[in-house]
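# Examining the three-dimensional arrangement
Residues per chain are reported as follows:
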Amino acid sequence: MIRPVFGILVFLAIFHFPAIESQSQRNLVTSKIEFSALRCRKHSAILTDFGAVGDGKTSNTKAFKKAISKLSQMATDGGGAQLVVPPGKWLTGSFNLTSHFTLFIQQGATILASQDESEWPVIAPLPSYGKGRDGTGAGRFNSLISGSNLTDVVITGNNGTINGQGQYWWDKFKKKQFKLTRPYLIELLFSKNIQISNITLIDSPSWNIHPVYCKNVIIKSVTVLAPVTVPNTDGINPDSCANTLIEDCYIVSGDDCIAVKSGWDQYGIKFGMPTKQLSIRRLTCISPKSAGVALGSEMSGGIKDVRIEEVTLTNTESAIRIKTAAGRGGYVKNIFARRITMKTMKYVFWMSGDYNQHPDEGYDPKAFPEVTNINYRDMKAENVTMSGSLDGIDKDPFKGICISNVTIALADNAKKVQWNCTNVAGVTSRVKPEPCSLLPEKKAPMKNDEDCVFPSDLIPIESVVLKKCFV
Ligand SMILES: *[C@@H]1O[C@H](CO)[C@@H](O)[C@H](O)[C@H]1NC(C)=O
Ligand SMILES: *[C@@H]1O[C@H](CO)[C@@H](O)[C@H](O)[C@H]1NC(C)=O
Ligand SMILES: *[C@@H]1O[C@H](CO)[C@@H](O)[C@H](O)[C@H]1NC(C)=O
Ligand SMILES: *[C@@H]1O[C@H](CO)[C@@H](O)[C@H](O)[C@H]1NC(C)=O
Ligand SMILES: *[C@@H]1O[C@H](CO)[C@@H](O)[C@H](O)[C@H]1NC(C)=O
Ligand SMILES: *[C@@H]1O[C@H](CO)[C@@H](O)[C@H](O)[C@H]1NC(C)=O
Ligand SMILES: *[C@@H]1O[C@H](CO)[C@@H](O)[C@H](O)[C@H]1NC(C)=O
C-alpha cells in the first residue's frame, strides 16, 4: 500500500516542481524588469526554487519561510538578497521578512492570504496599545507579511498583487466571533530604511499597511482596493514612525485612506513614541465612510510635523479629520495641508474631541490632548453637505487653527448651518462659505498668500534618491 503513494511523490518531486521552476525562470531571463529601490541586491532567488506551487490552493507558507531563511544567510555578505514571486497564485499564511532584503512581486503574481486561522501565528499586542485593537482579547494575528527589528527592507514589484481574501475575516468580525485582532497585510515593527512600492493590495482582513515604531519609510505608487462597506480596512497607518514619505498612492477603503497614529491612552502615553516628520503627497482617495487623512484617534504618543499636499478626494466623508478624546493625552501639532481638491464630501473640515473609545477603564480622564497649530490652505470642494464641524474639548480647546483660500460649493441637500464650532480658536482668510465666529476673518496684515504658510523646507526622506535595480 505504501509503494504507489511513494511512487507518486517521487514522480511529483522529479517532474512537477522542476517544470514550474524552469517555466518561471524563463519568464525572468527573457524579460529583465527594471525597478527603483533604496538598495539593489547581489543575491536573487525565485519562490519556485523552494517548492512553491502557484495553483491558488496549495499552501506555500513553508516555501516562503524556507526562501527567506536561505536568503537571509546569503544576505549577510553585505550584498543583500531578493526573492522574486513569479506569475501565479501563491496561497500562504503569515511569514516574516529579514534585513537587507527585497520581496519582488511580479506583474501577474498574486500572494493570496490563507483563510485558515492555523496559518496565522498569534502575537502579543503592541506595547503602545496594550490591547488588540479589534476585540477584548489580548492577542492578535501576525500580519500576512511581517517583520520586527529589521533594517533595509523593500517590498515592491511591477504591480504584482497581495490579495487578503478578507471575506472570511469580515464575516466573522461582523458576527463578533473573534477574541483576537484581525491580521493586517503588511506590518513592520521597530524597523528602519523601508520601502513599499508598486504593488496592489486587495481585500485586506483589516488594515493594509502598518509601519509601527519605524523610521525612514517610503510608501510609493501603491494601490489599495477594499470594499467601501467593510470596516477597518484603513489604507496606510503610519504609527509612532519618524521620517515617512507616502506618495502617489491610490486608495479605496471602507475606513480612512491614511490614518496617522501613535498609541492608545495610558499605553501610548507611557510608550511615548510620536509620529513625526511625515509627508503625504499626490494621494487619490475614495472613502465614503471615513477620511482622506485621519490624525488619530490613537495619538497618545503625539503627532507632529505633518505635511499633506496635492490630494484628490472623491465621495469621501471628510478631508482631514482630527480625532481624539479626553484620556488620550499626547498632542496633534504643526500640521500643514494644501492643494486638496474634493468632490462629494459630507464634511470638508472635521475635528472631533469626543472619540471615546478606550482600551479599558485604566485611562486617565484628565489626560487632555493638546491640539494646536493646524494649517489648511488652497483647497477647493464641490457638492459638500457641511463645510466644517469642529469640536474641541471642554476646558481643552483646539487652538491655532488657520484656514486660508478655500472655496466650498454646496450640495443641493446641504446643511443650513455650514460651520458648527465649539471649543476651538483660530483665524481664517478668504474662506467661503463664511466660517463660524470662533474662526474670525484675519485682520491686517492681509498679504494674500502669507496665511497658514506651508513649510518650504523638506523632511529628510523627501531628498532620498532611489537606485535603478533589476530582476
Ligand atoms: C514574526 O514577527 C512578529 C512581529 O512582526 C513577531 O512577533 C514574531 O515573533 C515573529 N515570528 C518569528 C517566527 O520570528
Ligand atoms: C526590537 O527592538 C525593540 C526596541 O529596541 C526591543 O524592545 C525589542 O526587544 C526588540 N525585539 C526583538 C525581537 O529583538
Ligand atoms: C512604479 O509606479 C510608477 C508610477 O506609477 C511607474 O512610473 C513605474 O514605472 C513603476 N515601476 C515599476 C517597476 O513598475
Ligand atoms: C495595478 O493594478 C491594479 C489592479 O489591477 C490597477 O487598478 C492599477 O491601475 C494598476 N496600476 C498600475 C500603475 O498599473
Ligand atoms: C452630490 O452628492 C450626493 C450625495 O450627497 C450624490 O448623491 C450626488 O450624486 C452628487 N452629485 C454629483 C453631481 O456628483
Ligand atoms: C488658492 O487656491 C487655489 C486652489 O484651490 C490655487 O490655485 C490658488 O493659487 C490659491 N491662491 C493663492 C493666492 O495661493
Ligand atoms: C453643533 O455641535 C454641537 C456639539 O457637537 C452639537 O451638540 C449641536 O447639535 C451641533 N449643532 C448643529 C446645528 O449641528
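Rules of the game
Residues numbered from 1 in each chain as written. Chains lettered and ligands numbered in written order. Predicted model: local features only at pLDDT ≥ 70, side-chain atom pairs only at ≥ 80, totals over all residues. Heavy atoms only, no water. UniProt positions renumbered as here; feature names shortened; annotations may be inferred. Disulfide = S-S within 2.5 Å. Helix = DSSP H or I, 4+ residues; strand = E, 2+ residues; numbered from the N terminus. Buried < 20%, exposed > 50% of the residue type's maximum accessible area, 1.4 Å probe, protein only. Near = heavy atom within 4 Å. Polar contact = N/O pair within 3.5 Å; in protein donor to acceptor, adjacent residues only side chain to side chain. Areas by Shrake-Rupley, 256 points an atom, 1.4 Å probe, with all protein chains shown as cover. Nonpolar A, V, L, I, M, F, W, Y, C, P; charged D, E, K, R; others polar. Contact = heavy atoms within 4.5 Å.

Going by the annotation in an unreviewed UniProt entry, the name recorded for the protein chain is Rhamnogalacturonase A/B/Epimerase-like pectate lyase domain-containing protein, with Capsella rubella given as the source organism. The protein chain has a UniProt comment under Sequence similarities (unreviewed entry) that states "Belongs to the glycosyl hydrolase 28 family."

### Regarding the state of the cysteines
One pass over the full model with this rule turns up four disulfides. The disulfide bridge from Cys 421 ends at Cys 436, spanning 2.0 Å between sulfur atoms. Across the S-S bond of Cys 421 and Cys 436 the torsion is about -85°, and the bridge reads as left-handed. Here Cys 421, found in strand S29 (residues 419-422), pairs with Cys 436, found in the loop between strand S30 (424-432) and strand S31 (467-470); they are 15 residues apart in sequence, far enough to count as distant. Grouping residues by exposure puts Cys 421 and Cys 436 together as buried. Each disulfide in the protein chain links cysteines that, numbered along the sequence, combine into the pattern 1-8, 2-3, 4-7, 5-6. No disulfide involves Cys 241; its sulfur sits 4.5 Å from that of Cys 214, the nearest cysteine. Residue class for Cys 241 comes out buried when judged on its relative accessible area of 1%.

### Regarding the site of ligand 3
Around ligand 3, the structure places Glu 34, Phe 35, Gly 157, Asn 158, Asn 198 and Ser 221. A distance of 2.3 Å separates an oxygen atom of ligand 3 from a polar side-chain atom of Asn 198. Starting from 360 Å² of accessible surface for ligand 3 in isolation, the protein chains cover 43%. Classifying every residue of the shell around ligand 3 by side-chain character gives one nonpolar, four polar and one charged.

### What to know about the side chain of Ser 240
As for its position among the elements, Ser 240 is in the loop between strand S18 (223-225) and strand S19 (242-247). If we ignore the near neighbours within four places in the chain, the residues touching Ser 240 are Tyr 213, Cys 214, Lys 261, Ser 262, Gly 263, Met 273, Pro 274 and Thr 275.

### A closer look at unusual backbone geometry
Geometrically, the link from Gly 296 to Ser 297 is a cis peptide bond, its omega value of 5° lying close to zero. Tracing the backbone through its elements, the reader meets Ser 297 in the loop between strand S23 (291-295) and strand S24 (303-316). For the bond from Lys 432 to Pro 433, the omega torsion is -5°, close enough to zero to count as cis. Relative to the helices and strands, Pro 433 is located in the loop between S30 and S31. Positive phi values are uncommon outside glycine, yet Lys 395 reaches one of about 65°. Relative accessible area serves as the criterion here: at 81%, Lys 395 is assigned to the exposed category.

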